[in-house]
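Residue-level listing of the chains:
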Amino acid sequence: SDAKLACGCSGAHPLLRVPPVPQPPTITLQSPKDYIFDPRENIVIICEAKGKPHPSFSWTRNGSHFDVDVDSKVLMKPGSGTLVIDISGEKAEAYEATYQCLAHNEHGTALSNDIVVRQSRSPLWSKERTEAITVQAGVSLVLHCRPPAGLPPPLIFWMDNILQKLPLSDRVFQALNGDLYFSNVVPSDTRNDYICFARFPHTQTIQQKQPISITVLENSQSAERAPGFMAPVGASSTQMVLRGQELELECIPEGLPTPEISWRKEGGELPSNRMSIVGYQRTLRISSVVESDAGDYRCTAKNKLGSAEHSIKVTVQASPFWISAPRNLILAPNETGILNCRVSGDPKPKITWSINGMPVDSEYHVDSDTVILNHVQSGSSAVYQCNASNEFGYLLANAFVSVLAEPPRVLTPPNNVYQVITNNMALLDCASFGSPMPTITWFKGSTTAIQNVDPYVIHENGTLEIHTAQPVNSGRYTCIATNALGIKENHVKLEVKEPTRILRLPEYKVVERNMDAVFECRVKHDPSLVPTVTWLKDNKALPLGDNRFVVEKDSLTIRDVSEEDKGTYTCIMNTSLDQDSASAMLTVVEQPDPPSDLELTDQMDRSVQLTWIPGDEHNSPTQKFVIQYEDLLHQPDVWVNLTEVAGSGTTARLQLSPYVYYSFRILAQNHVGFSQPSHPSRQYRTNPAAPDVNPSDVQASGTDHNNLVISWKPLTGLQANGPALRYKILWRQKDADQEWVEETVANASRHVVTDTPTYAPYEVKVQAVNDYGSGPEPQLVLGYSGEDLPSSAPEGVQVMVHNSTLAEVHWEPISSSTVRGKLQGYKVYYKRERGVHETEAEAPEGAAPQTVTFGGDLSEGRLPGLRPYSVYDLHVSVLNGKGEGPPSPSRSFSTPEGVPEQPGFLEISNPNVDSLTLEWGPPLNHNGRLTGYTLKYQPVNSTSELGPAKLMTIAANQTSVTLVNLKSSTLYKFYFYATTIKGSGPSITKEAFTVMDTGYKHSPSVGVLCPVCLARPPGPVFGPLNATASEDGAMLNWEYFGQPRNIFVEYTVEHSKEEWKREAVNSSAHSFTIKGLKPGASYKVRVVARDPVTDSMVHSTEEELVSVPAVANRQVDIATQGWFIGLMCAIALLILVLLIVCFIKRNKGGKYPVKEKEEAHQDPEIQPMKEDDGTFGEYSDTEDNKPLKGSRTASNGTVRRDESDDSLVDYGEGGDGQFNEDGSFIGQYSGKKEKDTHEGNESSEAPSPVNAMNSFI
């Protein structure tokens, strides 16, 4: 049989099929038990079944065999039991009967239900005579419909003669049987076209009854009456309903006024979830009736005159229904099986059993609803029928018993991969088939048996459940299906993934209109799962085609937001296994709308009440209202802030000034900003009054020695309070017993009083006046008339010198009468004339004097920053507000000696193995008599620690010194001071290296001395490494700032495990070309500095990747080309001639053992130096790279003559050849002749035949 096994895990196979096995028939589709057909269409009685082999079909009619082949009108569909009966031209009644379908194969017979086939009918209305009805208004009335019985029953409705439905209400109601009830009639019910219609659904025909005429007679006053019931009649009634059907209870009242209906159940509650009250409360409807719905139901009719009740006793009976239908059995031989057929009903159903449609024999053990099959044997497969019936219906069920002997089969596809999220349930399928039923065993890995204990659960169908999967549960699982006939295993894999979680949640945003809103949504997920992000707005997709919404990997950006963009935005991160989501709201805010409807009320002389209606806040609460006014009289078109009101206010009491033509407007402010101004209010004028205030900032001071200027800040138009504003000015000299002098001015802010004494105190007042009176009493202000320059100079000027840079000056204060103003202080002028050791003739050109001002009434002050050992000139003058008085007589003074300034310069030259030369310049200012210099120096080790210091005193007339007995190849730090009798001045410092000891005490060789080796600049030892690929190599460029080391270019093929290859380069070199690289390959390259003794790496550049371009394969074989053969012959001949010449020259100079001398003096730590810059190169034992010894490069790059007698004189510079002691000519060992100094890095190796050959190649 086909079996479907569901699995909630990813990777489960959706449909698992059992391999074909014998199977008795099973009915899969059939027509309903009661089949009503339309006589205009064919009769189709459905019967479909399955089985192995596929079943054949037969039919019974009214309990007898129905031979479908005899009747030409009956056709059975191929491969199916469905009957198609053509009733065209035939009497349809001939085929009304009870049919049953039988499906057969060699393993049994299955039966369908008894299908009762009946023709639908729509009979005509029986003819009857209707009489007109005349009634008094207010009485009840029933119009009977009594439609003809149809199959199925018709649908009833009432209409008029123009086919419009009659209006229904709680007064006029159509009952379930189709009758029309009037609880009370009214005159408007009078009409002659009350027509009952019946619609028959199968035939789609409508029948109508004869129209009924009603005439309602009007009464002067209709008699009201208490409720009663038109249906059902009497105080009580009964009603039976079958379980599962719909119960409809109806109560139709009569009375005047029209009664209201209510429902209740005695001793219980109405089932609210299955209950509805319809038809103007007249009908109680309960769906899917159950046994507990039985009981007494009461309907109550009530109006103002009373009430009436009717009780309906409901009984619930049941046609047979299943408790447990028999299930198919697959048994192995000799097994025992049980078929159960458990049903219920009221009355209790009768159960009968049959086998393949035949009654059960006595050999079977039948116990009412149970059949026991003992020790079944092969070939005993059959279909068993259980029939349960009572007076209300029957149930028929087929259950097959298939006797099979099958080894286990695992139906779950092999090597399934199940993926679940951590902490979720994992279900691993092991669907199996076999007879007997296989036993399922699970293993994790290859040996660990899984027991049915936490965290594992093994279900009956073989599924392994891990309730809360963890990463440790990942792995390979094996399920084994076993029965008596064999064993079968299957392997599956479980992968437990990390859950998808949103780490950075979107946050609530408040964004101004036309700005951008950005929601973040950063997720963490399992690396093997690819998340997809979806954004929703208010649980709907984002608007299509709106480019303002920009969705990126971790964010959503909404550009130029508008009011329509507000809402809730949800980020959903989906993977193939799980999802996570987070939401945040967006609120779009903007400036509020301006207030409206400004109104002025409660008007008074100095105040008015202003009210307004706030505008739209646009999602940002109003913080405040700013009330502004315009003074149309004094400052038209100028709006001034008057007051502020809290954002919740809508009214303000405004304090006003007199004589102002006011107009008001309001601005609202929220978090975003201010609204536009409101429309101005109507104009409001205040009455004039005397000024409330006087001018402010009143001042009195003189601009000349004989005047007094009185000034003030004028009042504004708002402060004037009335017309003709003017100012009354009053003044008098203080303590002079004078009367107030008064003067009135208008449109002015100052007044000048002339002919005043110099710097005399005055009392001043300024008062505001207009046509309505004077302002308040003004405040008294004290001022002074104008100042004049001081008339005398300080006397008794004395100078006290404290040290070489500081002096103190004293003077006698002048009298207050000669100050002639406010004393500001004293000003000291001092100027350096010359040095003490200089004559007046030697004095430099005069510089501008220096000044120091001492405020207040002081009589002394200090002069800092003087030059030591100098002659100064000094005088003092007095200051007031007008200016500076005459100077005092000059005074001269001298400063003593001081310490000198820093030496002018310090240079280090001629570095040697154990010596250095220092040169310097004297200080710019000696600040005394120079007594000499002090030198302090100390070595610096490789960790920048200072060694022991040494001091040296040097005569004042020296400008250089040579230091000896220094350590070779060592960094020294030098401190150099100039001194006078007062001590040492500030030092100048330098650092320098001595050169490396080459092993020759008296004959330094080429390449061992650099010009001044100063400390390397701070920062990395290596600069950036640049690498450029060519067809067969790579060009490298770099910078090196470190101490002398062995420098190597190292390279290796990318992703290979080979050792790094290296090529030595000169330490002074900044570039190198690697040759012979493989085309199309990628290489890692670097430049390293290694220790010359241990060969360990000291410094290295960053590794760079170089990809050598692939070279196209050339198909031409050049070895067969004539030009190539000729070229090779010419080269071979040239090499032979060169070998002969080199051999002859070697014999001429062979007496001088240069190579032997070199090997005898070799030092493994000596490294050759490049001639052009003197930096250290790499050491090499090969003859090709080793320079000749006995020469040395000077700091200027030229070659100097060595002092040794046995050295090679002028070696390497060409010129005239030189002979040694034995007379042999060694000039041939020099390189190119007459080279420029910048070419000094050419090789100086001896020309041997081998070297010549190498050079040629």
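Rules used throughout
- Residues numbered from 1 in each chain as written.
- Predicted model: local features only at pLDDT ≥ 70, side-chain atom pairs only at ≥ 80, totals over all residues.
- Heavy atoms only, no water.
- Helix = DSSP H or I, 4+ residues; strand = E, 2+ residues; numbered from the N terminus.
- Buried < 20%, exposed > 50% of the residue type's maximum accessible area, 1.4 Å probe, protein only.
- Contact = heavy atoms within 4.5 Å.
- Areas by Shrake-Rupley, 256 points an atom, 1.4 Å probe, with all protein chains shown as cover.
- Pairing = 2+ DSSP bridges.
- Axes fitted to C-alpha atoms, helices over the stretch in contact; angles between N-to-C directions.
- Core = buried A, V, L, I, M, F, W, Y, C linked by side-chain atoms within 4.5 Å.
- Disulfide = S-S within 2.5 Å.
- Salt bridge = Lys/Arg side-chain N within 4 Å of Asp/Glu carboxyl O.
- Phe/Tyr/Trp six-rings, centres within 6.5 Å; stacked < 30°, edge-to-face > 60°.
- Lys NZ or Arg CZ within 6 Å of the ring centre and 35° of its normal.
- UniProt positions renumbered as here; feature names shortened; annotations may be inferred.
- Patch = residues over 30% accessible without salt bridge, like charges linked within 9 Å, V, L, I, M, F, W, Y side chains within 5 Å.
- pLDDT = per-residue confidence, 0-100.

Helix and strand counts for the protein come out as five helices and 95 strands. Expressed as a percentage of its 1257 residues, the buried residues of the protein come to 42%. Considering only contacts in the protein between residues 6 or more positions apart, those separated by 24 or more positions represent 65%. Put simply, the protein shows about 66,800 Å² of open surface, and 50% of that area lies on carbon and sulfur atoms.

Another aspect to go through is the pairing of strand β65 (residues 696–701). Inspection of the sheet shows β65 paired to strand β66 (residues 707–713) by four bridges, in the antiparallel sense. Note that in β66 the partner of Ser 701 across the bridge is Val 709. Where β65 folds back on β66, the antiparallel hairpin that results is connected by five residues.

Moving on: the pairing of strand β60 (residues 624–631). The element β60 is extensively covered by neighbouring structure, given that seven of its eight residues are classed as buried. Where β60 meets strand β61 (residues 635–646), eight bridges bridge the pair, whose relative direction is antiparallel. Residue pairing for β61: Ile 627 is matched across the bridge by Thr 643. Here β60 folds back onto β61 in antiparallel fashion, the turn holding three residues. Two elements, β60 and strand β63 (residues 661–669), share eight bridges in a ladder whose sense is antiparallel. Residue pairing across strands places Lys 624 opposite Gln 669, the latter belonging to β63.

Attention now goes to the sheet that holds strand β84 (residues 960–963). Spatially, β80-β81-β84 is the arrangement adopted by the three strands of the open sheet, whose pairing is antiparallel. Of all strands in the sheet, those with a lone pairing partner are β80 (905–909) and β84, marking the two edges. On average, each strand axis in the sheet is tilted by 20° relative to the strand beside it, whichever way the strands run. Note that strand β81 (residues 916–921) and β84 share four bridges and pair antiparallel. When the sheet's bridge partners are listed, Thr 917 is paired in β84 with Thr 962.

Let's shift gears to the nonpolar core. Counting residues in hydrophobic clusters, the biggest one holds 26 residues, and the most contacted among them are Ile 43, Ile 45, Trp 59, Ile 85, Tyr 99 and Val 117. Ranked by the residues each element gives to this core, the list is headed by strand β9 (residues 97–105), at four residues. Among all residues touching Ile 85, those that are not within four sequence positions of it are Asn 42, Ile 43, Ile 45, Lys 73, Val 74, Tyr 95 and Tyr 99. By size, the runner-up hydrophobic cluster in this structure holds 21 residues, among which are Leu 1036, Trp 1038, Val 1085 and Val 1108.

This next bit is on the state of the cysteines. Counting across every chain of the model gives six disulfides. A sulfur-sulfur distance of 2.1 Å marks the disulfide that ties Cys 47 to Cys 101. Classification of the bridge connecting Cys 47 and Cys 101 rests on its S-S torsion, roughly -75°, and on that basis the disulfide is left-handed. You can see Cys 47 sitting in strand β4 (residues 47–52) and its partner Cys 101 sitting in strand β9, a full 54 residues away along the chain.

This part is about the side chain of Asn 473. By secondary structure assignment, the location of Asn 473 is in the loop between β45 (464–466) and β46 (475–483). Residue Asn 473 is classed as buried on the basis of its relative accessible area of 7%. Contacts of Asn 473, omitting those with residues within four sequence positions, involve Lys 444, Tyr 456, Ile 466, Thr 468, Leu 494 and Val 496.

Counted according to the given criterion, the structure contains 42 salt bridges. Salt-bridge contacts for Asp 516 lead to Arg 559; the nearest nitrogen and oxygen are separated by 3.7 Å. One end of the pair, Asp 516, is in the loop between β49 (509–512) and β50 (517–520); the other, Arg 559, is in the loop between β55 (555–558) and β56 (567–574), and 43 residues separate them in sequence. A salt bridge links Arg 1090 to Glu 1050, with the nearest nitrogen and oxygen atoms 2.7 Å apart. Linking Arg 1090 in strand β93 (residues 1082–1090) with Glu 1050 in strand β90 (residues 1046–1053), this pair joins segments that are 40 residues apart in sequence. For Glu 1050, a relative accessible area of 1% puts it in the buried group. Three or more residues are tied together by salt bridges with common partners; here these are Glu 1050, Arg 1062, Arg 1086, Arg 1090, Asp 1095 and Glu 1103.

Across the sheet, three strands lie side by side as β73-β74-β77; this open sheet has antiparallel pairing. Of all strands in the sheet, those bounded by a partner on one side alone are β73 (795–801) and β77 (860–863). Here the average twist between neighbouring strands, direction ignored, is 20°. With five bridges connecting them, β73 and strand β74 (residues 807–812) associate as antiparallel partners. Residue pairing for β74: Glu 795 is matched across the bridge by Glu 812.

Evaluation of the coordinates by the stated rule reveals 22 aromatic pairs. When the ring of Phe 1022 is compared with that of Tyr 1040, the centres are 5.0 Å apart and the planes differ by 45°; the resulting orientation is tilted. With Phe 1022 in the loop between β87 (988–993) and β88 (1026–1029) and Tyr 1040 in the loop between β89 (1033–1037) and β90, this residue pair connects regions lying 18 residues apart in the sequence. Like Phe 1022, the residue Tyr 1040 is buried in the burial classification. Three or more aromatic residues link up through ring pairs in this structure, and these residues are Phe 519, Trp 535 and Tyr 569. Geometry around Phe 157 places Lys 165 over its ring, the cationic atom sitting 5.9 Å from the centre. Directly above the ring of Tyr 661 sits Arg 685, whose terminal nitrogen or CZ lies 3.9 Å from the centroid.

Those residues carrying the UniProt feature "transmembrane region" (unreviewed entry) are residues 1123–1144 in this numbering. As a span, residues 1123–1144 carries 100% helix and 0% strand, and end to end its C-alpha atoms are 32 Å apart.

This paragraph deals with unusual backbone geometry. Negative phi values dominate among residues other than glycine, just as trans dominates among peptide bonds. With an omega of 0°, the peptide bond between Lys 52 and Pro 53 qualifies as cis. The residue Pro 53 is located in the loop between β4 and β5 (56–61) in this model. Positive phi values are uncommon outside glycine, yet Gln 281 reaches one of about 70°. Within the secondary structure layout, Gln 281 lies in the loop between β25 (275–278) and β26 (283–286). Within the chain, Asp 735 stands out as a residue other than glycine whose phi angle is a positive 60°. Of note, Asp 735 is situated in the loop between β67 (726–733) and β68 (741–745).

Turning to a nonpolar patch on the surface, a few remarks are in order. Residues Leu 1133, Leu 1136, Val 1137, Ile 1140, Val 1141, Phe 1143 and Ile 1144 make up a contiguous nonpolar surface patch of roughly 660 Å² in combined accessible area. Tracing the sequence through the fold places Leu 1133 in helix α3 (residues 1122–1148).

On the secondary structure map, Val 401 appears in strand β37 (residues 393–403). Judged by its relative accessible area of 1%, Val 401 is buried. For the pair Val 401 and Gly 337, spaced 64 residues apart in sequence, the C-alpha to C-alpha distance is 8.5 Å. What Val 401 contacts, discounting residues up to four positions off in sequence, is Pro 24, Leu 329, Leu 331, Leu 339, Leu 373, Ser 380, Ser 381, Ala 382 and Tyr 384.

Here the focus is the confidence of the model for the protein. Mean pLDDT for the protein: 84, with 87% of residues reaching 70 or above. Under a pLDDT of 50 for its full length, residues 1–16 has, in the predicted model, 40 contacts with residues more than four places off or in other chains. With pLDDT under 50 throughout, residues 1149–1257 is counted as low confidence; its partners more than four residues away or in other chains account for 181 contacts.

Attention now goes to the environment of Met 425. Its place among the elements puts Met 425 in the loop between β39 (416–421) and β40 (426–428). Classification of Met 425 as partly exposed rests on a relative accessible area of 37%. Separated by 40 residues in sequence, Met 425 and Glu 465 place their C-alpha atoms 7.0 Å apart.

What follows is about the environment of Val 21. Mapped onto the elements of the fold, Val 21 is located in the segment before β1 (23–30). Separated by 30 residues in the primary sequence, Val 21 and Gly 51 have C-alpha atoms spaced 9.5 Å apart.

Another aspect to go through is the side chain of Asn 113. Within the element layout of this structure, Asn 113 appears in the loop between β10 (108–111) and β11 (115–119). You can call Asn 113 buried: its relative accessible area is 11%. Setting aside its immediate chain neighbours within four residues, Asn 113 contacts Gln 30, Lys 33, Tyr 99, Gln 100, Tyr 394 and Leu 396.

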